[in-house]
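Take a look at the letters that make up each chain.
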Amino acid sequence: MTNYEQKLLTDLIDVNWMIKENKANKEMARFLSIAYHKINDELRESMGDDKYATFLRGGREMFAPAKG
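Residues numbered from 1 in each chain as written. Predicted model: local features only at pLDDT ≥ 70, side-chain atom pairs only at ≥ 80, totals over all residues. Heavy atoms only, no water.

1. Things to note about the overall build of the protein chain
Stage number 1. Looking only at helices and strands, one finds three helices and zero strands in the protein chain.
Stage number 2. Along the chain direction, N to C, the helices and strands of the protein chain fall in the order α-α-α.
Stage number 3. Computed over the C-alpha atoms, the radius of gyration of the protein chain is 14 Å, more than 25% above the 11 Å expected from 2.2 N^0.38 for a compact globule of 68 residues.
Stage number 4. Considered along the principal axes of its C-alpha atoms, the protein chain spans approximately 40 × 35 × 20 Å.
Stage number 5. Across the 68 residues that make up the protein chain, the buried fraction comes to 18%.
Stage number 6. As displayed, the protein chain offers around 5600 Å² of accessible surface, 56% of which is attributable to carbon and sulfur atoms. (Helix = DSSP H or I, 4+ residues; strand = E, 2+ residues; numbered from the N terminus. Rg over C-alpha atoms; globule rule 2.2 N^0.38 Å. Buried < 20%, exposed > 50% of the residue type's maximum accessible area, 1.4 Å probe, protein only. Areas by Shrake-Rupley, 256 points an atom, 1.4 Å probe, with all protein chains shown as cover.)

2. Description of the side chain of E5
Stage number 1. Position of E5 among the secondary structure elements: in helix α1 (residues 3-21).
Stage number 2. Put simply, E5 is tucked away with no salt bridge, and the nearest opposite charge, on K51, sits 6.7 Å away.
Stage number 3. Once you skip the residues sitting within four places of it in the chain, E5 turns out to touch L43, S46 and M47. (Lys, Arg positive; Asp, Glu negative; His and termini not counted. Salt bridge = Lys/Arg side-chain N within 4 Å of Asp/Glu carboxyl O. Contact = heavy atoms within 4.5 Å.)

This is the structure:
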């Protein structure tokens, strides 16, 4: 992951948190949602669909409940 992609991921996480914090303010949540999708699209384009999908799958596996 490049520095640029790391920055996009950080921005994506920040905007996602802001969406959750502003759910009561529908206008702000809508604005933030648009920003989220724009950043997400930019990250996917920069990484490529295959790397992006692999990255997300790895993240899900990392935070999944332990099997046992």
